Amino acid sequence: MKRLQVFLLGIVLILGILFGVKVVLNAQTADKDTSSNNTLVIFNWGEYIDPELMKAFEKESGYHVIYSTFDSNEAMQSKLMQGGTRYDLVFPSESAVPKMLEENLLLPLDHSKIIGLENISSYLLDNKFDPGNQFTVPYFWGTFGIMVNQTNEQANHITKWSDLWKPEFENDILMVDGARESIGLALQSTNQSLNEKSSEKVSESVTYMEGLRSNVKAVLTDEIKTLMINNDAPIGIGYSGDAAFVMGENPDVKYVIPEDGSVIWTDNFAIPKTAQNFEGAYAFINFMLRPENAKQNAEYVGYATPNEKAKEMLPKELTEDQSFYPSLEMIEGMEHYEYLGKETVEMYNDLFLAWKMGL
């Protein structure tokens, strides 16, 4: 009996050891599955990539993609500054890049590891926010302008920002809820730069916006698209990609790049300081820079591709539409959003908030 007890105890001990070994091996496997070598963590704007392309990338590369989204540059920057979460690739707007560099949130790119940079439109490279594209590569680009319902005869004649102040547009305009955008269009409508830093000039433009109050139906963000689709207002302010989406749902809507000024902007690939899987990040950039993938992504998202070879694959009726692919002459008359510094940004935000409160 005693021998049996010893024998059974031995079996229990062996099973315990084997179980412990299994736990360790499982833990090591789990660590491997979520390690920097096997997982790519992407932080992007919502609905800003074709999900089928991510599946194709995972299948081709063997990487497991964890995809998280943000709804503003500020939210993205805040997350990176907290430093508790790992991201291997982020997609900042150009206006956010200088501040991110100031905060040491981005790592320099190794151009020798990037395949396809030569396909990017030259006018989107080497801009003031990132000379030499040391930290960023263009992902999408576009403009900022006016969505107009063509069934409204008066609205259909809009060609400039300054037209929005006309009395016939009372309660007709869906204004975008953004200080830089809204004050910027007021500045441009009076032949000033949307990157104006003078508190006196910015204040004067906000005073000028008082004359726009009676024409503003609401100040909104994504809701503008739904309301324009449903014919709830004849005029909506927004980005070219939003306009493309609206036009796809409502053929009565057209997009106007204002003659008195507009914005040319890029959203960009960038590698943050939290990155661990550098090879995976470069693999994904290269995958998305392939012309066939850039074309597919542009068709899904609706924004203009910076990839010239991808552009050649897109329908002519799209790429020849200067509302979405403006000519170089038009582009030369546009401005980029520049980072104005913390104090100036706060000034814009405070003045715009006060203007909104008066609606």
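Residues numbered from 1 in each chain as written. Predicted model: local features only at pLDDT ≥ 70, side-chain atom pairs only at ≥ 80, totals over all residues. Heavy atoms only, no water.

Identification of the chain as Spermidine/putrescine ABC transporter substrate-binding protein from Vagococcus fluvialis is taken from an unreviewed UniProt entry. Listed under Subcellular location (unreviewed entry) in UniProt, the entry text for the chain is "Periplasm". (UniProt positions renumbered as here; feature names shortened; annotations may be inferred.)

Caption draft 1: Seen up close, helix α14 (residues 342-357). For α14, with 16 residues, the first-to-last C-alpha span of 22 Å sits near the 22 Å given by 1.5 Å per residue. Taken together, the buried positions of α14 are Thr344, Met347, Tyr348, Phe352 and Trp355. Each buried residue of α14 sits inside an arc of 120° when the element is viewed along its axis, so together they form one side. Pointing more than 90 degrees away from the buried face of α14 are the exposed residues Lys342, Glu343, Asp350 and Met357. (Helix = DSSP H or I, 4+ residues; strand = E, 2+ residues; numbered from the N terminus. Expected span 1.5 Å × (residues − 1). Buried < 20%, exposed > 50% of the residue type's maximum accessible area, 1.4 Å probe, protein only. Arc of directions from axis to C-beta.)

Caption draft 2: The sheet that holds strand β2 (residues 64-70), seen in detail. The strand order β2-β1-β3 describes an open sheet built from 3 strands, whose pairing is parallel. Among the strands making up the open sheet, the edge pair consists of β2 and β3 (89-90). Pairing analysis gives 2 bridges linking strand β1 (residues 39-45) to β3, with the strands arranged parallel. Bridge pairing in β3 places Phe43 opposite Val90. Contacts from helix α2 (residues 51-61) reach β1 and β2, with the element oriented near 150° to β2. (Pairing = 2+ DSSP bridges. Contact = heavy atoms within 4.5 Å. Axes fitted to C-alpha atoms, helices over the stretch in contact; angles between N-to-C directions.)

Caption draft 3: Highlighting empty space enclosed by the protein. Within the structure shown, the criterion is met by 1 cavity of 30 Å³ or more. The volume enclosed by the largest cavity comes to roughly 100 Å³. Those elements that provide at least two residues to the lining of the largest cavity are β4 (137-149), α9 (278-289) and α10 (291-301). A per-class count over the lining of the largest cavity returns 10 nonpolar, 3 polar and no charged. (1 Å grid on protein atoms, 1.4 Å probe; cavity = no way out; pocket = protein on both sides within 12 Å on 5 of 7 lines; lining within 4 Å. Points joined across faces, edges and corners; volume = space filled by probe spheres on them. Nonpolar A, V, L, I, M, F, W, Y, C, P; charged D, E, K, R; others polar.)

Caption draft 4: Structural detail: the UniProt feature "binding site: spermidine" (unreviewed entry) in the chain. Annotation from UniProt places "binding site: spermidine" (unreviewed entry) at Glu47. If you trace the backbone, Glu47 turns up in the loop between β1 and α2.

Caption draft 5: Quick look at the pattern of salt bridges. What the rule picks out here adds up to 11 salt bridges. Between Glu60 and Arg290 there is a salt bridge, with its nearest N and O atoms 2.5 Å apart. Placement of Glu60 in helix α2 and of Arg290 in the loop between α9 and α10 is noted, with a sequence separation of 230 residues between them. Residue classification places Glu60 among the partly exposed positions, given a relative accessible area of 48%. With relative accessibility at 32%, the residue Arg290 sits in the partly exposed group. In this structure, Lys295 engages Glu299 in a salt bridge whose closest nitrogen and oxygen atoms are separated by 3.1 Å. Here the residue Lys295 and the residue Glu299 both occupy positions in helix α10, the gap between them amounting to 4 residues, near one helical turn. In this structure Lys295 comes out as partly exposed when scored by relative accessible area, which is 21%. Of the residues examined, Glu299 reaches a relative accessible area of 45% and is grouped as partly exposed. One continuous salt-bridge network, built from bridges that share partners, spans Lys160, Asp163 and Lys166. (Salt bridge = Lys/Arg side-chain N within 4 Å of Asp/Glu carboxyl O.)

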